[in-house]
Structures are given as structure tokens and as C-alpha cells.
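Residue-level listing of the chains:
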Amino acid sequence: MTTPASTTRVLTGITTSGTPHLGNYVGAVRPAIVASRDPGTESFYFLADLHSLIKAQDPAKTQRSTLEIAATWLAAGLDPSKVWFYRQSDVPEITELTWYLTCVAGKGILNRAHAYKAAVDKNRADGEDDDFGVTAGLFMYPVLMAADILIFNAHKVPVGRDQVQHIEMARDFGQRFNHIYGREFFTLPEASVDDNVATLPGLDGRKMSKSYGNTIPLFAPRNELRKLIAGIVTDSRAPGEPKDAEGSALFQLYQAFASAEETAAFAGDFASGIGWGDAKRKLFERIDAEVAPLREKYEALVAKPGDIEAILRDGAARLREKYAKPFLAELRDAVGLRDLSKQAASGKKKAAEKTALPAFKQYRDSDNRFYFKLLDAEGKLLVQSAGFDSPKDAGRLIGVLKQVERGDALETPGIELQVPVEEVLAALRALRDAET
Ligand code: TRP
């Protein structure tokens, strides 16, 4: 994978909980796969299985869900030879970075995370202890997520609105780390929220969501899909009566899968009084036309879990070699987790470098006046000052001398050169170079 400097790195995580439904497909999978084909981007899609442990603590379900979600993305057309596709837990550098970020993250910021605050608010409303039932995992969720993003220096993170705060926190933690350790180690990521992607209604007309129990599984077998669609709530208008497309869950679902022309035709059907049974049949056919080929791929993939395992491991292995391992080596060094023998050597080298520089020395003499001198790296006297009434006056002239670039500027009262002008100029230049 080649990565020109102008490439935008786009990264997003997919929590491995539950079985993907039509809402996930339309709202996340489909647009992400379209975006991943953009030539100007280097895309990272990963299964956030460590995040899923915060809520899902049934090992068999975690494993199954990881398999299903990986198979879903592959079936929907994600190409693991063109994008980075991996499992979070296969990149141990992410968890290592989580700790370094934990040590710079403000606890007060985490206190304000929406998910944590919602849990606390609920406890208060229920008259419970603030942190009743709250795990440290829930509390630390944003730090793990920041590590996911910062480790690959992602520029853009496509997420839903509910996740924007997490991206802001990732920026905050990254910035703190950069500030403390004195360099731009981390790119500060931006959330990108696409308001154009549809949120699908579920069987009961509310937003399709696992928590409402109103979902249509993306890869439900054909017959089950037909039955589920037949169960979508409608009003009681009889065939022949005109129906409102606006606000109809059925219509919105259709629109998410149909072209503009098909949608217009369907609106025409509504106006001319299509029966709900017929409308549902049309909806079923339209959805199935898009989903059936993917379902077939999905079933083939799920039947060969070893292949999916190999794809995920390969993605993580390549990614670790290319980015995660070298970057973490750099970060470990930055925070001071270093090879002790090397550290001792480089400490010595620093001291040596210091003595290798010329230096101004200020002092007060027995006449109680303030003096300075400029010494070269070996301690030879280059410039001797006259006595000043205050250390400020001496300091001011040192400031002037530090700026001097030309020999004639050294012909100034208050100092006496002890060596040729060129030698003094060279020393001043060496000082300036060392400071910049
Ligand atoms: N928290 C995200 C969600 O619930 C999933 C996620 C984990 C994620 N790590 C991420 C998203 C990093 C973007 C970037 O949807």
C-alpha cells in the first residue's frame, strides 16, 4: 500500500455487538464502502472488539458477533487489499497507547462524557450511588477510542453525532501529549458527520435500533425478510384510498434502497391508493434485489470463518509493521521508557555537547560591580566586559551581543575583545545555532 503525503487518512471503528441490521447497512456500511473507494484516501476500518467488552460479556456472543460483522463488511464490498481492515485486539499497540493517553487525560474531561454522565444521571434519578454499576471500562471508553484514532494519525473520523464528543476528547488527549512531550507526535483528528445518510425507521416506525427491538437483520433469509417487512406498522387505510408517503416508514425504507425514479414512481403508487400488502411486496422486492447478492457472499464467508480470521490477522500484521510498531517505539522513547544503556550514553553526549559551546558568564567582582565575559568551548576568554552598576545593564549588553552578525558591531563601548573579531563572531554564531 503506497501512501502519498497528500493522502487523507480516514478511520472508523465498528463495535462488534449484535447482528447487523438494515439501519446499520444504510447508515454506516454502505456509505463507508463507497467512501473507501475514494482514491485520495487511506482508509482504516476496524472491529472495535475491545470496546464491545464494555457491554457484551458473553464470550460466545462476542465471538459470533465479530464473525458476523467482519463477514458483513466483506460481503458488502470492502476490499481488504485496498483498505486496512483489522481487529482492534490484534493490534496490542493500541492498548499500550491507551495507557500513555490515560496518563495525560484529564479525569474531569472523562467525567463529562455523555455515556458516563447518562449512567450517573440515571443512578441519581433511581436514588442509587452515582457510580452504581458503572465500570471503569465505561468511564475509560473515550481514551481507548482516542488511542484507536491517534495511533494511525487519522485526519478524518466518520461517525454519528453521538460520537462527536469522543473525537473532541481524542483531540484533547493528543494535544496534551504533544504539549507535554514537546513535539507534534499526534495529528489532531476531525469528526466527519454525514447528515445526508438516512436513518432508517424500524418495524414500529421509530428509528431502527437494537435497543428498540425493531430491527430487520440485514441478512435475514429471504422468507424471514418478507415476513418482517409484512409486519411493518402502517395506518388502517384500505386499498384504493390515497396514502401519505410523508412519514410512512414503508416509504422511507423504500427510498433508502431505490433510485430517484423508482422512489417517484412509488410515491405515485401511494397517491393512487396502492394497498399496503402490495406496497410491502414492492418494498420487499426492492430491498431483496440489493441484499440478495450480498447475502449469498455473506453466507459463503460465514461458512469459512478461518478465511475471515486469516484476512483480519493479515491486516493487523501488516498494519503493525508499517505503522503501529515503529510509532509506539517512538512514543515509548518520548515518554522515557528507554533502553537504560542507551540512555546513559545519550546523557553523556548531551553533557559533552553543552561544554562544546561558547558561553557568556555573568559575575560580580570585588568592586561590587557587575561583569560578564564570553568564553569559548574550552574556556578561553574571548570578550571581557567593563563593570556595570546593575546586572540588568550587563544582561542588556549580552542580549545585544547575541544578535551581532557583523564585526563592526563589536566595536562598542563596555566590552573589550581578547581575540580577533572573527573568532568572537564564530562563537556568537555557534551560540545562536545551538539555541535554534
Ligand atoms: N464508539 C464508536 C461507536 O460506538 C466505535 C468506535 C470505537 C470508533 N473506536 C472508534 C469509531 C474509533 C471511530 C473511531 O460507534
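Definitions and cut-offs
- Residues numbered from 1 in each chain as written.
- Predicted model: local features only at pLDDT ≥ 70, side-chain atom pairs only at ≥ 80, totals over all residues.
- Heavy atoms only, no water.
- Phe/Tyr/Trp six-rings, centres within 6.5 Å; stacked < 30°, edge-to-face > 60°.
- Helix = DSSP H or I, 4+ residues; strand = E, 2+ residues; numbered from the N terminus.
- Buried < 20%, exposed > 50% of the residue type's maximum accessible area, 1.4 Å probe, protein only.
- Lys NZ or Arg CZ within 6 Å of the ring centre and 35° of its normal.
- Contact = heavy atoms within 4.5 Å.
- Expected span 1.5 Å × (residues − 1).
- Arc of directions from axis to C-beta.
- Pairing = 2+ DSSP bridges.
- Domains from an automatic or database assignment.
- Buried area = accessible area lost by both parts, 1.4 Å probe.
- Salt bridge = Lys/Arg side-chain N within 4 Å of Asp/Glu carboxyl O.
- Polar contact = N/O pair within 3.5 Å; in protein donor to acceptor, adjacent residues only side chain to side chain.
- Nonpolar A, V, L, I, M, F, W, Y, C, P; charged D, E, K, R; others polar.
- 1 Å grid on protein atoms, 1.4 Å probe; cavity = no way out; pocket = protein on both sides within 12 Å on 5 of 7 lines; lining within 4 Å.
- Points joined across faces, edges and corners; volume = space filled by probe spheres on them.
- Axes fitted to C-alpha atoms, helices over the stretch in contact; angles between N-to-C directions.
- Parallel < 35°, antiparallel > 145°, perpendicular 65-115°, else oblique.
- Left-handed = near helix turned anticlockwise from the far one by under 90°.

With that settled, the discussion passes to the packing of aromatic side chains. Under the definition given, this model contains 23 aromatic pairs. With centroids separated by 5.9 Å and ring planes inclined at 10 degrees, the aromatic side chains of Phe-251 and Phe-266 adopt a geometry described as stacked. Within this pair, whereas Phe-251 is found in helix H10 (residues 249-257), its partner Phe-266 is found in helix H11 (residues 260-271), the two being separated by 15 residues in sequence. Neither Phe-251 nor Phe-266 differs from the other in exposure class; each is buried. Taken together, a centroid distance of 5.9 Å and an interplanar angle of 70 degrees make the contact between Phe-360 and Phe-372 edge-to-face. In this pair, Phe-360 is assigned in strand S6 (residues 359-364) and Phe-372 in strand S7 (residues 370-375), connecting sequence segments 12 residues apart. Exposure class is identical for Phe-360 and Phe-372. Each is buried. Three or more aromatic residues joined by ring pairs form one cluster here, namely Phe-44, Phe-46, Trp-84, Tyr-86, Phe-152 and Tyr-323. Sitting above the plane of the Phe-257 ring, Arg-30 keeps its charged end 5.5 Å from the centroid. Lying across the ring of Tyr-363, Lys-373 places its NZ or CZ 5.1 Å from the centre.

Turning to the side chain of Ser-36, a few remarks are in order. Looking at where Ser-36 falls in the secondary structure, it is placed in helix H1 (residues 22-36). When its relative accessible area of 11% is taken as the criterion, Ser-36 is described as buried. When sequence neighbours within four positions are dropped, the list of residues in contact with Ser-36 reads Ser-43, Tyr-45, Leu-78 and Val-83.

Once that is clear, we can look at helix H6 (residues 114-125). Across its 12 residues, H6 extends 16 Å between first and last C-alpha, which sits within 8% of the 16 Å expected from 1.5 Å per residue. By the burial criterion, the buried members of H6 are Tyr-116, Val-120 and Asn-123. Seen along its axis, H6 keeps its buried residues to an arc of 60 degrees; they face one direction. Seen from the buried face of H6, the exposed residues on the opposite side, beyond 90 degrees, are Lys-122 and Ala-125. Residues of H6 that are buried in the fold lie against helix H5 (107-111) and helix H7 (136-150).

Note that Ala-249 resides in helix H10. Note on Ala-249: relative accessible area 8%, which makes it buried. On a C-alpha basis, the gap between Ala-249 and Leu-200 in space is 8.0 Å, while along the polypeptide they are 49 residues apart. In this view, Ala-249 contacts Pro-201, Gly-202, Gly-205 and Ile-232; residues no more than four positions away in its chain are not counted.

On to the pairing of S6, then. Consecutive residues of a regular strand have side chains that alternate between opposite faces of the sheet. One ladder, built from 6 bridges, connects S6 with S7; its direction is antiparallel. The residue of S7 that forms the bridge with Ala-359 is Leu-375. The turn linking S6 back onto S7 is made up of 5 residues, and Asn-368 within it adopts a positive phi angle of 70 degrees.

Reports often express the size of an interface as the amount of accessible area lost when the parts come together. Taken domain by domain, the protein chain consists of domain 1 (8-199 + 304-333), domain 2 (219-297) and domain 3 (359-435). Computed over C-alpha atoms only, the centres of domain 1 and domain 2 are separated by 34 Å. Contact with domain 1, which involves 8 residues of that partner, is made by 9 residues of domain 2. Of the roughly 760 Å² buried between domain 1 and domain 2 on both sides combined, carbon and sulfur atoms contribute 66%. The largest contributions to the domain 1 side of the interface with domain 2 come from Leu-22, Tyr-25 and Ala-75, which together make up 58% of the buried area. If you look at where domain 1 meets domain 2, you find 1 salt bridge. Here Glu-290 and Arg-30 are joined by a salt bridge, their closest N and O atoms 3.1 Å apart. Our enumeration of links across domain 1 and domain 2 arrives at 3 residue pairs in polar contact (both at pLDDT 80 or more). Residue assignment for the side of domain 1 that touches domain 2 shows that the elements contributing at least two residues are H1 and helix H3 (59-75). Ranked by residues supplied to the side of domain 1 that touches domain 2, first place goes to H1 with 4 residues. Counted by class, the side of domain 1 that touches domain 2 contains 5 nonpolar, 2 polar and 1 charged residues.

Put simply, the second largest pocket is a space of about 280 Å³. As for the second largest pocket, its lining consists of 15 residues, and the residues nearest its centre are Gln-63, Thr-66, Leu-67, Arg-87 and Glu-309. Counting residues per element, the lining of the second largest pocket draws most heavily on H3, at 6 residues. A breakdown of the residues in the lining of the second largest pocket according to their chemical character gives 7 nonpolar, 4 polar and 4 charged.

Running from N to C, helix H4 (residues 92-102) and helix H13 (residues 305-335) point in directions that differ by 25 degrees, and their axes come no closer than 10 Å. Relative to H13, the element H4 lies roughly parallel. Between H4 and H13 lies a crossing whose hand is left-handed. Facing Pro-92, Glu-93, Glu-96, Leu-97 and Tyr-100 of H4, the residues of H13 in contact are Arg-320, Ala-324, Lys-325, Leu-328, Leu-331 and Arg-332. Among the residues forming the contact of H4 with H13, the class breakdown is 6 nonpolar, no polar and 5 charged.

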